[in-house]
Amino acid sequence: MRPGHALVLFSGGQDSTTCLAWALTHFGHVETIGFDYGQRHQVELAARQEVLAALRERFPQWRERLGEDHMVDLAVLGQISDTSLTRDTAIQMTAAGLPNTFVPGRNLLFFQLAAAVGYRRGLQTLVGGMCETDFSGYPDCRDDTLKALQVAVSLGMGQRFTFETPLMWIDKAATWELARTLGGDALVDIIVQQSHTCYHGVRDTLHAWGYGCGTCPACELRRAGHAQWKQQAV
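Residues numbered from 1 in each chain as written. Predicted model: local features only at pLDDT ≥ 70, side-chain atom pairs only at ≥ 80, totals over all residues. Heavy atoms only, no water.

This brings us to the environment of Leu9. With respect to the helices, strands and loops of the structure, Leu9 is situated in strand β1 (residues 6-9). The class of Leu9 is buried, set by a relative accessible area of 7%. It is 8.4 Å that separates the C-alpha atoms of Leu9 and Leu20, two residues lying eleven residues apart in sequence. When sequence neighbours within four positions are dropped, the list of residues in contact with Leu9 reads Ser16, Ile33, Phe35, Phe110, Phe111, Ala114, Val127, Gly128 and Met130. (Helix = DSSP H or I, 4+ residues; strand = E, 2+ residues; numbered from the N terminus. Buried < 20%, exposed > 50% of the residue type's maximum accessible area, 1.4 Å probe, protein only. Contact = heavy atoms within 4.5 Å.)

What follows is the structure in structure tokens.
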């Protein structure tokens, strides 16, 4: 068990659910924080509560470690963003070479606000599901970005914060395997049935890898990773 308490940036998706399980395995007390920034896939906000309830029900060893959930109204981010995650527009590449699913400043704001909550709650470790191996080129998912932000936040808060990113150097297949290692088939079932990752917010079709439209970049990545994981497990 690691010293201190943790705050998990928890969207309700596959990656953040896996990170939450990781934190519950390594820390004696864990809280969660989510952000309502006007995302098109607002269904993920409901999925958050379903995942939390399922974890408490199916993992008694984690139930007492899982503390308060915090929801932050970050509507201003959606108001100043012109992206396919905050507007009803098609997903495509931009002239800057990034997909228009990139919400500028999102992860930077998430960590800064999480640190403010952590400061008040005595939670010095912030856990996020950012990853450089399977990602869309988002600059705020890079390890260098988060290391620099950790320094800036710690200096600005006058106390040391540690940013943990358990998925940073693993691909989506390895993320499925990490979930199985942490919580067995029960955790994998929760990720498939309760979590939400689809950018379009589709919840009417349950695939082997979870709910989703099956065609957006998030679904394609999740599906391919699940197929690779299943193939490796044979």
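Back to the write-up after that little detour.
Every second residue of β1 is oriented toward a common face, with Ala6 and Val8 on one face and Leu7 and Leu9 on the other, all of them buried. When β1 meets strand β2 (residues 30-36), the two strands line up parallel, connected through four bridges. Note on β2: the bridge partner recorded for Leu7 is Glu31. Note on the crossover from β1 through helix α1 (residues 14-26) to β2: the handedness is right-handed. Here β1 runs beside strand β4 (residues 125-127); their pairing, made up of three bridges, is parallel. Directly across from Ala6, in β4, lies its bridge partner Thr125. (Pairing = 2+ DSSP bridges. Right-handed = clockwise from strand over helix to strand, strands pointing away.)

Inspection of every chain in the model, using the stated rule, returns zero disulfides. Unpaired in this structure, Cys213 has its nearest cysteine sulfur neighbour in Cys198, at a distance of 3.6 Å. Its relative accessible area of 23% is what places Cys213 among the partly exposed residues. (Disulfide = S-S within 2.5 Å.)

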